[in-house]
Amino acid sequence: MRKHLDYNIINKNYIKLVINKNEILRYLGYRKNKVDDITEEIINECIEEMFEIARTNFVYNIYDIEIEEDSINFRNSSFKIKGKDIYKHLQNSEKCAIMAVTLGSEVDERIMYYSKVDLTKSVIFDACATTGIEALCDRVESIIKKHAIQDGYNTTSRYSPGYGDLSIKIQPNILNILDAQKHIGLTVTDSYILIPRKSVTALIGIGKDVKDKKVGCMDCRLNQNCLFAKEGDSCGNTKIIKG
Amino acid sequence: MGIQKLLKDNFLIFDGAMGTMLQREGLKAGELPEAYNINFPEVVYNIHRKYIEAGADIITTNTFGANRFKLKDSPYTVEGVVKAAVNIAKKAAEDKLVALDIGATGKLMQPYGTLSFNDAYDVFKEQVIAGKAAGADVILIETISDIYEARAAILAAKENSDLPVFCTLTFQENKRTLMGTDATTMVQVFEGLGVDVLGVNCSLGPKQIQPIVDEILKIAVIPVMIQPNAGLPKLIDGETIYDLTAPEFAKEVNIMAEKGVSIFGGCCGTDPNFIRTVKENLKGLKPKKIENKRLTAACSSKKTVILGESVKIIGERINPTGKKKLKEALRNNDIDYIISEAIVQKETGSDILDINLGLPEIDEKEMMRKVVIELQSLIDLPLQIDSVKADVIEEAVRIYNGKAIINSVNGKTSSMEKIFPIAKKYGACVIGLTLDEEGLPKTAEKRLKIASKIIETAKTYGIPEENIIIDCLVLTASAAQESVMETLKAIPMIKSKYNVKTVLGASNVSFGLPNRKIINATYLALALGYGLDAPITDSTSEILMDTIRSFKILANQDKECKEFIEFYSKTPKNDEKKNRIEKDLKQIIIDGMKEEAQTKTKELLENTESMEIVDSYLIPALDIVGERYEREEIFLPQLIRSAETVKGAFDVIKDKLIIDGKDKISKGRIILATVKGDIHDIGKNIVKILLENYGFEVIDLGKDVPIEDIVNTAKKEDIRLVGLSALMTTTVKAMEETIRELKKQHPDCFVMVGGAVLNKEYAEMIGAHYYGKDARESVNIAKKFFKV
């Protein structure tokens, strides 16, 4: 009998995120250096403000998948994806979770506002929000993972459009299958930019035989130019998910 | 049967969900529901029939997503889908009504997204024309969470058909839409635009929308509809399940019927059984009559300001009359300066902002359009559009995302003929000046007479009394002392006769006299005592604000003196900074102390030439900061803070140059733009401030900039260096095209590019002349280019 991974997967309520200040500093270019007092004060203000205005909306759904030679088909839907990298990522999976998360347009508004009145704060707020959306992704990923493990499965790491040969051109299809605009107000432009800006979509493979796999800098399109990678660091999207 | 007649004594019952029913018939997630109109018309027909049989008075076509964006990758046209859908519905409806369903475009509007107001309008217009031609009875605009998008849809519906328009927004549990609009604002804006029915749908269940509905019913004067979901959604193993049963749903509906909602239907998760149960449960109930007090209110997209409850301040500073700096900013297209004026007024307590950009040598209409678009996205205060040109006013209130105030009309027939049609169409409030063909009256009685004429004439255009705001106009005390009090006496006379509110720009009263401040403050206090609702004044003036704050206590508007105590018990900013060791300007910049830099620059300007301050303080300090940044002793936030500090110092210098009538500092003029399709502009903003710091003049075209705008500006302004930014691989293409067009149409021009996905090779490949790996590098490029 097929096991059901059934749980509420649309969240409109606020969930408390844990923000790591070191992550924010990393986005701002600080390595191991000490941050100056004024910057630190602004960071603290921004974190507080972000918690006040950010939403933590997410929606995900889990599909049975069929893996064919060059495409992965999602059952009960019109959705399919192609590409050798995503094939590799999902090859041992029986199911795939598709998730979309957003901090909402209030965050964009605030960044825009500060870019007019206080550019320093705008840049710092942006970095806080980037940290915030990563934290929300981690949270949603862990929810999916927890349920999967309870039901006897393992999960792969998150894989987002833009990694490897999975084009960002798939964003409209992902939003469409999740009805993400209706549920969490997430849209995509003709240039495939997600709006609100601090939003992420991702795929997570689920299967009995799934082993942890690292998704890292080599999978990233920006690898050649990345300021983090140049110094042997990473932006934080590199993750190993332990099973 | 017409809608009005239907609604007179009966509830109007809509159908329930279409999507839910189609899914039961096999529609898969991600599939296009509108394709069923073409491929399986019988499935759609049967769903309509089931709703009719369940008791629906009006059914909704299967055209929620039938817009050009959502049909882009399908073989269908908007016209084809809409026509097919309306035909199916009409066949099924028999003697019942058919509503053309129009949902959200799926794109986010500018400035958060890339969809412009006019493009959104065109998308909706296409749907409206097709639906009207196919014979729909009603236009239903629904499940929209951006009131700006709803505005475009309503205007498209009203300008391209004569059908009744129903419009609902989708709210979240915080009683706001995803884009931040509250229910009161929705009611004000929609009623202003002349929709026939307004309400709430989708997103939440009937229980959760009750508080939103209560807020609507408190002020709405037109029928209210609701189409809630069948509770809250849960996605279970690929399927969306809603948590209410039909009887539970119908019970909530009845509660709302008793409160005053008269039109019901269902959204996601509802089916014919829900509609049948709702219909049965409503038997024996009659719609409640709507009797609400009519309010005078102006709205931004997020905030409604009601006049009459307590004194509201209309900020007057954005008006070039007598303001050198603002004039200069308008001539230079410097919208950032106007924004800073708006922000300072908001922060000092203005409730509404008057926007007057009239300067003979500029394109006022274009400038007004730009300023309104910028301000409405940055500031939540309602705007008051102030112009003597009707076309400027119309452009502004059309694109304004809210309910504006028009400043102004007067008692002259010619003035009213021009302005009232605009006010009526867009639902704006209008300020009526009490002057007419005979000029400015001397007595209060004559003012009342002119006000009456304005108010009564407005009514013939269908503009309700409460949308007229009277300005009784002040004469200067030095020239017409005997008539100063006449202005004030007219206020209660007019207000007791009509349900209108009053504004007054009072600072003219003191013209030509010494110590104007105290005269203005005294007169303001008097005017408030006579019942003035909203002074048009300068909220940065302490004495005027002191007067208003104390009046609010005395008039029992500031309950328990809360605002007053809060304001005046605030400890002034700690003076610690003043006690610090005296630093020189260079060190102040390196430390990024913004305020100190301005003070210090002012001091220096007393006996130092502007250029010398730039060359021996600002630029050397910037160089030091830059070097420290490169050595990783400081980091991006500190670099930017220092840059902003220099900018502040520069502003002081610029002011001085303007006042002295000297030429501005310009080491070269550069266009900056984030290319079409891209909205990541932080990098560009950092480049801008650094270039300005080094004395370059930047024309910032913003983000998502069309190729032709960049090319045309470069040509018109004869620009030789253009900086472009793009963050995405998908938008580098637009960058490449922009460069190609620039080379073709303006070959003297050079282009520098930057952005995360670019590198030197890539930049060369797309034809750029220079690649800037970061903001500092762009300064080096500019220095080399302009040989400075």
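Residues numbered from 1 in each chain as written. Chains lettered and ligands numbered in written order. Predicted model: local features only at pLDDT ≥ 70, side-chain atom pairs only at ≥ 80, totals over all residues.

- Under an unreviewed UniProt entry, chain B has the name Methionine synthase and belongs to Paramaledivibacter caminithermalis.
- Entered under Catalytic activity (unreviewed entry) in the UniProt record, the comment concerning chain B runs "(6S)-5-methyl-5,6,7,8-tetrahydrofolate + L-homocysteine = (6S)-5,6,7,8-tetrahydrofolate + L-methionine".
- Database annotation for chain B, UniProt heading Pathway (unreviewed entry): "Amino-acid biosynthesis; L-methionine biosynthesis via de novo pathway; L-methionine from L-homocysteine (MetH route): step 1/1." (UniProt positions renumbered as here; feature names shortened; annotations may be inferred.)

- The name given to chain A in an unreviewed UniProt entry is Vitamin B12 dependent methionine synthase, activation domain, and the organism recorded there is Paramaledivibacter caminithermalis.

1. Overview of the overall build of chain B
Phase 1 of the analysis: What chain B contains, in helices and strands, is 31 helices and 25 strands.
Phase 2 of the analysis: For chain B, whose C-alpha radius of gyration is 30 Å, the value lies close to the compact-globule estimate of 28 Å for 788 residues.
Phase 3 of the analysis: With respect to the three principal axes, the spread of C-alpha positions in chain B is 90 × 75 × 50 Å.
Phase 4 of the analysis: Pairs at least 24 apart in sequence give 76% of the contacts found in chain B among residues at least 6 apart. (Helix = DSSP H or I, 4+ residues; strand = E, 2+ residues; numbered from the N terminus. Rg over C-alpha atoms; globule rule 2.2 N^0.38 Å. Contact = placed C-beta atoms within 7 Å.)

2. Here's the deal with the overall build of chain A
Phase 1 of the analysis: Counting its regular elements, chain A contains eight helices and nine strands.
Phase 2 of the analysis: Taking all 243 residues of chain A together, 55% fall into the buried category.
Phase 3 of the analysis: When contacts within chain A are restricted to residue pairs at least 6 apart in sequence, those whose partners lie at least 24 apart make up 76%. (Buried ≥ 20, exposed ≤ 12 C-beta atoms within 10 Å, placed from the backbone.)

3. Describing the confidence of the model for chain A
Phase 1 of the analysis: Chain-level pLDDT for chain A is 84 on average; 81% of the residues reach the 70-or-more range.
Phase 2 of the analysis: Between residues 1-8 of chain A, whose pLDDT stays under 50, and residues either more than four places distant or in other chains, the model counts twelve contacts. (pLDDT = per-residue confidence, 0-100.)

4. Some points on the UniProt feature "binding site: Zn(2+)" (unreviewed entry) in chain B
Phase 1 of the analysis: Mapped onto this numbering, the UniProt entry annotates "binding site: Zn(2+)" (unreviewed entry) at B:Cys202, B:Cys267 and B:Cys268. Spatially, the listed residues are clustered: although they cover 67 residues, their C-alpha atoms lie within 6.5 Å of one another.
Phase 2 of the analysis: For B:Cys202, the position within the fold is in the loop between strand S6 (197-201) and helix H9 (206-219).
Phase 3 of the analysis: What makes B:Cys202 buried here is the crowd of 23 C-beta atoms within 10 Å.
Phase 4 of the analysis: When near neighbours in sequence (up to four residues on either side) are disregarded, B:Cys202 contacts A:Lys182, B:Thr143, B:Thr170, B:Gln227, B:Asn229, B:Cys267 and B:Cys268.

5. Thoughts on the sheet that holds strand S21 (residues 669-674) of chain B
Residues and elements named next belong to chain B.
Phase 1 of the analysis: Ordered by their spatial adjacency, five strands build an open sheet running S22-S21-S23-S24-S25, and the pairing between neighbours is parallel. Where the open sheet ends on each side, the last strands, each with one partner, are strand S22 (697-700) and strand S25 (770-771).
Phase 2 of the analysis: Two strands pair when backbone bridges link them, and strand S24 (residues 750-754) and S25 are joined in this way by two bridges, in the parallel orientation. Opposite Met752, over in S25, you have Tyr770 as the bridge partner.
Phase 3 of the analysis: Taken strand by strand, helix H27 (residues 682-693) contacts S21, S22, strand S23 (721-725) and S24, and its axis lies near 170° from that of S21.
Phase 4 of the analysis: Along the sheet face, helix H28 (residues 707-716) touches S21, S22 and S23 and points at about 175° away from the line of S21. (Pairing = 2+ DSSP bridges. Axes fitted to C-alpha atoms, helices over the stretch in contact; angles between N-to-C directions.)

6. Notes on the interface of chain B and chain A
Phase 1 of the analysis: Between chain B and chain A, the contact holds 53 residues from the first and 53 residues from the second.
Phase 2 of the analysis: When contributions to the side of chain B that touches chain A are tallied by element, the ones reaching two or more residues are strand S8 (233-236), helix H13 (335-348), helix H14 (364-378), helix H26 (636-659), H27 and helix H29 (729-745) of chain B.
Phase 3 of the analysis: For the side of chain B that touches chain A, the leading source of residues is H26(B), giving six residues.
Phase 4 of the analysis: Per-class residue counts for the side of chain B that touches chain A are 24 nonpolar, 18 polar and eleven charged. (Nonpolar A, V, L, I, M, F, W, Y, C, P; charged D, E, K, R; others polar.)

7. Overview of the pairing of strand S14 (residues 352-356) of chain B
Residue and element names in this part refer to chain B.
Phase 1 of the analysis: Within S14, five of the five residues are buried, which leaves it mostly tucked inside the rest of the structure.
Phase 2 of the analysis: Alternating positions in S14 separate into two faces, Ile352, Asp354 and Asn356 on one and Leu353 and Ile355 on the other, with burial throughout.
Phase 3 of the analysis: Bridge count for strand S13 (residues 314-318) against S14 is three bridges, and the pairing is parallel. In the strand pairing of S14, Ile318 is matched with Ile355.
Phase 4 of the analysis: For S14 and strand S15 (residues 383-386), the ladder comprises four bridges, and the chain directions are parallel.

8. Quick notes on the sheet that holds S6(B)
Residue and element names in this part refer to chain B.
Phase 1 of the analysis: In space, the eight strands of this open sheet follow the order S1-S10-S7-S6-S5-S4-S3-S2, with parallel pairing throughout. Only two strands of the sheet have a single neighbouring strand rather than two, namely strand S1 (12-13) and strand S2 (58-60).
Phase 2 of the analysis: Looking at chain direction, S6 and strand S7 (residues 224-227) are connected through four bridges and run parallel. Counted as the bridge partner of Leu198 is Val224 from S7.
Phase 3 of the analysis: The sheet strands contacting helix H5 (residues 78-93) are S2 and strand S3 (97-102), and the helix crosses S3 at an angle near 155°.

9. A closer look at the confidence of the model for chain B
Residues and elements named next belong to chain B.
Phase 1 of the analysis: Overall, the prediction assigns chain B a mean pLDDT of 93, with 97% of residues at 70 or greater.
Phase 2 of the analysis: In this model, residues 575-579 is a region of pLDDT below 50 whose contacts with residues beyond four sequence positions or in other chains number one contact.
Phase 3 of the analysis: Reported confidences for the modelled complex are a pTM of 0.90 and an ipTM of 0.87.

10. Some remarks on the nonpolar core
Phase 1 of the analysis: Counting residues in hydrophobic clusters, the biggest one holds 330 residues, and the most contacted among them are A:Met99, A:Ala100, B:Ile139, B:Ile141 and B:Ile406.
Phase 2 of the analysis: A total of 13 residues in this core trace back to one element, the largest contributor, which is helix H5 (residues 119-150) of chain A.
Phase 3 of the analysis: The contacts of A:Met99, once residues within four sequence positions are left out, are A:Phe58, A:Tyr60, A:Val140, A:Ile144, A:Thr201, A:Ala202 and A:Ile204. (Core = buried A, V, L, I, M, F, W, Y, C linked by C-beta atoms within 7 Å.)

11. Here we look at the domain arrangement of chain B
Phase 1 of the analysis: Along its sequence, chain B is organised into domain 1 (3-282), domain 2 (296-568), domain 3 (577-659) and domain 4 (669-786).
Phase 2 of the analysis: Placing the centre of domain 1 of chain B and that of domain 4 of chain B at their C-alpha centroids yields a distance of 44 Å. (Domains from an automatic or database assignment.)

12. Let's talk about the packing of helix H25 (residues 610-630) of chain B against H26(B)
Residues and elements named next belong to chain B.
Phase 1 of the analysis: In the contact formed by H25 and H26, the axes pass within 10 Å of each other and the chain directions differ by 170°. Taken together, H25 and H26 sit at an angle that is classed as roughly antiparallel. For the pair H25 and H26, the contacting residues are Ser610, Ile613, Val614, Leu618, Leu622, Val625 and Tyr629 in the first and Leu639, Ser642, Val646, Ala649, Ile653, Lys656 and Leu657 in the second.
Phase 2 of the analysis: For the contact of H25 with H26, the class distribution of residues is eleven nonpolar, two polar and one charged. (Parallel < 35°, antiparallel > 145°, perpendicular 65-115°, else oblique.)

13. Thoughts on H14(B)
Every α-helix carries 3.6 residues per turn, so stepping three or four residues along brings you back to the same face.
Phase 1 of the analysis: Its 15 residues place the ends of H14(B) 21 Å apart at the C-alpha level, agreeing with the 21 Å of an ideal helix rising 1.5 Å per residue.
Phase 2 of the analysis: The complete set of buried residues in H14(B) reads B:Glu364, B:Met368, B:Val371, B:Val372, B:Leu375, B:Gln376, B:Ser377 and B:Leu378.
Phase 3 of the analysis: Looking at the buried residues of H14(B), the elements they touch are helix H4 (105-117) of chain A together with H13, S14, S15 and helix H15 (390-399) of chain B. (Expected span 1.5 Å × (residues − 1).)

14. Looking at the environment of B:Ala428
Residues and elements named next belong to chain B.
Phase 1 of the analysis: Within the secondary structure layout, Ala428 lies in the loop between helix H16 (413-426) and strand S17 (429-433).
Phase 2 of the analysis: Remark: the alpha-carbon pair of Ala428 and Asp660, spanning 232 residues in sequence, is separated by 42 Å.
Phase 3 of the analysis: Here Ala428 is in contact with Gly192, Val397, Lys403, Ala404, Ile405, Ile406 and Ala423, once residues within four sequence places are set aside.

15. A few points about H5(B)
All names here are of chain B.
Phase 1 of the analysis: For H5, with 16 residues, the first-to-last C-alpha span of 22 Å sits near the 22 Å given by 1.5 Å per residue.
Phase 2 of the analysis: For H5, the complete set of buried residues consists of Val78, Val81, Val82, Ala84, Ala85, Val86, Ile88, Ala89, Ala92 and Ala93.
Phase 3 of the analysis: On the buried face of H5, the contacting elements are helix H3 (36-39), helix H4 (41-54), S2, S3 and helix H6 (117-134).
Phase 4 of the analysis: Just past H5, the residue Glu94 takes up positive phi, approximately 50°.

16. Digging into the packing of helix H24 (residues 594-605) of chain B against H26(B)
Residue and element names in this part refer to chain B.
Phase 1 of the analysis: Axis separation between H24 and H26 bottoms out at 8 Å; the angle between their running directions is 35°. Where H24 crosses over H26, the two elements pack in a sense that is right-handed. Along its contact with H24, which presents Lys594, Ala597, Gln598, Thr601, Lys602 and Leu605, the element H26 presents Glu644, Thr645, Gly648, Ala649, Val652, Ile653 and Lys656. (Left-handed = near helix turned anticlockwise from the far one by under 90°.)

17. Some remarks on unusual backbone geometry
Phase 1 of the analysis: With an omega of 0°, the peptide bond running from A:Ile195 to A:Pro196 counts as cis.
Phase 2 of the analysis: As for its position among the elements, A:Pro196 is in the loop between strand S8 (194-195) and strand S9 (199-207).
Phase 3 of the analysis: Following B:Asn407, the chain continues to B:Ser408 via a peptide bond in cis, the omega torsion being 20°.
Phase 4 of the analysis: Tracing the backbone through its elements, the reader meets B:Ser408 in strand S16 (residues 405-410).
Phase 5 of the analysis: Despite not being glycine, B:Thr143 shows a phi value in the positive range, around 55°.
Phase 6 of the analysis: Secondary-structure assignment places B:Thr143 in strand S4 (residues 138-144).

18. Here's the deal with the pairing of S16(B)
Residue and element names in this part refer to chain B.
Phase 1 of the analysis: Of all the six residues making up S16, six are buried; the element is thus mostly covered by neighbouring parts of the structure.
Phase 2 of the analysis: In terms of strand pairing, S15 meets S16 through three bridges, oriented parallel. Across the sheet, the residue bridging to Gln384 is Ile405, located in S16.
Phase 3 of the analysis: What joins S15 to S16 is H15, and the crossover it makes is right-handed.
Phase 4 of the analysis: Across five bridges, S16 lies against S17 in parallel orientation. (Right-handed = clockwise from strand over helix to strand, strands pointing away.)

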